[in-house]
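# Descriptive structure summary
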Amino acid sequence: MTFVVFTTFVIYTTWALFQAEYYYAEPYLSPYYSPVLFTDLSQPGAAPLEHAWFGSWPSWWPDFIPSSPAMLILVFPLSFRMSCYYYRKAYYRSFAGSPPGCAVGPLASKKKYRGETFLLLIQNLHRFALYAALAFIFLLGYDAVISFWRYGEFGIGVGSIILCINVVLIAGYTFGCHSLRHLIGGRKDCMSCGKNTAQYEAWKRVSWFNARHMQFAWLSLVWVMVTDLYVRLVAMGKITDLNTW
Ligand code: FES
């Protein structure tokens, strides 16, 4: 199951990354394309100019690379997810069977299991990817809030609900990050020594999310694909967004 769902995610996300079109349907923006740094208005379903932080697509962009805003930002959430301590366990086991369990040696070869060495040392950057991931909660939260305004008029659509669920699941996943838990309190030798402090309270809350990290990991992974697909289908006119507008 891990192999199938994770492979589906990688294939779908790579495909969506290269599309460069149908990622915006007023007022919904696909989370894969948020934030929009530049927009190419010649593409169907592109974000309007006022959504782009730096305006129109730069003329120096090579023609053979699609003018996809997702290419400029997806490295941040993807590096966070791919280097996640939970996912590492999950995909090392399901893709390589090495190690198949915490206390079980590799089955595929008789070689001694050496842990994460050489190129895999790059996984240690996870603690830095966390900072970008925290910023993305605000960015996606902003998208969720403005999804209730269409051409300046307040309302609610199925897309608004989908975008809200997306940011809640991604926040739940990020708040349970092992690096965040360490940052908040895990580096202390004795948390209970500082009971009743704001830090202890924050650590307890992060620990609640941490205990559910796997569940949030899978739910948010599937939901971000659902959100992109929904916005894409609405933008393409394949489905109609039920809403109050
Ligand atoms: S450990 Fe999973 S997101 Fe940090």
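Residues numbered from 1 in each chain as written. Predicted model: local features only at pLDDT ≥ 70, side-chain atom pairs only at ≥ 80, totals over all residues.

### A closer look at the overall build of the protein
The secondary structure content of the protein amounts to nine helices and four strands. Traced from its N-terminal end to its C-terminal end, the protein shows the element sequence α-β-β-α-α-α-α-β-β-α-α-α-α. Reported as C-alpha extents along the three principal axes, the dimensions of the protein are approximately 55 × 50 × 35 Å. Contacts in the protein between residues far apart in sequence, at least 24 positions, make up 65% of those at least 6 positions apart. (Helix = DSSP H or I, 4+ residues; strand = E, 2+ residues; numbered from the N terminus. Contact = placed C-beta atoms within 7 Å.)

### Considering the domain arrangement of the protein
Taken domain by domain, the protein holds domain 1 (2–173 + 221–236) and domain 2 (177–211). A separation of 27 Å is found between the C-alpha centroids of domain 1 and domain 2. Each partner contributes residues to the interface: domain 1 has five residues there, and domain 2 has five residues. Counting residues per element, the side of domain 1 that touches domain 2 draws most heavily on helix α5 (residues 126–146), which supplies three residues. Among the residues making up the side of domain 1 that touches domain 2, the classes are represented as two nonpolar, two polar and one charged. (Domains from an automatic or database assignment. Nonpolar A, V, L, I, M, F, W, Y, C, P; charged D, E, K, R; others polar.)

### Section: the environment of Cys84
Within the secondary structure, Cys84 sits in the loop between α3 (75–82) and α4 (85–96). Linking Cys84 and Ser179, residues 95 residues apart in sequence, is a C-alpha distance of 9.1 Å.

### Re the environment of Ser30
The residue Ser30 is located in the loop between β2 (28–29) and α2 (69–73) in this model. Along the sequence, Ser30 and Val224 sit 194 residues apart, while their C-alpha atoms lie 8.6 Å from each other.

### Here we look at unusual backbone geometry
A negative phi angle characterises most non-glycine residues, just as the trans form characterises most peptide bonds. A cis geometry characterises the amide bond from Glu26 onward to Pro27, with omega recorded as 0 degrees. Among the secondary structure elements, Pro27 is positioned in the loop between β1 (24–25) and β2. The omega angle of the peptide bond from Ser34 to Pro35 is 5 degrees, so this bond is cis rather than trans. Inspection of the secondary structure puts Pro35 in the loop between β2 and α2. The phi dihedral of Tyr22 is positive, around 55 degrees, even though this residue is not glycine. Tracing the sequence through the fold places Tyr22 in the loop between α1 (2–19) and β1. On the neighbour-count criterion, Tyr22 (21 C-beta atoms within 10 Å) is buried. Not every positive phi belongs to a glycine, and Phe118 is a case in point at roughly 55 degrees. As for its position among the elements, Phe118 is in the loop between α4 and α5. According to the C-beta neighbour criterion, Phe118 is exposed, with 7 such atoms within 10 Å. (Buried ≥ 20, exposed ≤ 12 C-beta atoms within 10 Å, placed from the backbone.)

### With respect to the nonpolar core
Formed by 43 residues in total, the largest nonpolar core has its most connected members in Tyr23, Tyr24, Ile170, Val231 and Ala235. The set of elements that each furnish at least two residues to this core consists of β1, β2, α5, α6 (158–175), α7 (178–186), α8 (198–211) and α9 (213–236). Residue contacts for Ala235: discarding those within four places in its chain leaves Tyr22, Tyr23, Tyr24, Ala25 and Gly45. (Core = buried A, V, L, I, M, F, W, Y, C linked by C-beta atoms within 7 Å.)

### Looking at the packing of α6 against α9
The N-to-C vectors of α6 and α9 enclose an angle of 155 degrees; their axes lie 9 Å apart at closest approach. One way to sum up the angle between α6 and α9 is to call them roughly antiparallel. Helix-helix and strand crossings are classified by hand; for α6 and α9 the assignment is left-handed. The segment α6 lies against α9, with Gly159, Ile162, Leu163, Ile165, Asn166, Leu169, Ile170, Gly172 and Tyr173 engaging Phe216, Ala217, Leu219, Ser220, Trp223, Val224, Val226, Thr227, Tyr230, Val231 and Val234. Looking at the contact of α6 with α9 residue by residue, the class counts come to 15 nonpolar, five polar and no charged. (Axes fitted to C-alpha atoms, helices over the stretch in contact; angles between N-to-C directions. Parallel < 35°, antiparallel > 145°, perpendicular 65-115°, else oblique. Left-handed = near helix turned anticlockwise from the far one by under 90°.)

### A look at α4
Here α4 spans 16 Å end to end across 12 residues, near enough to the 16 Å set by a 1.5 Å rise per residue. At the exit of α4 stands Gly97, carrying a positive phi of roughly 60 degrees. (Expected span 1.5 Å × (residues − 1).)

### Topic: the environment of Tyr200
For Tyr200, the location among the structural elements is in helix α8. For the pair Tyr200 and Asp143, spaced 57 residues apart in the sequence, the C-alpha separation amounts to 32 Å.

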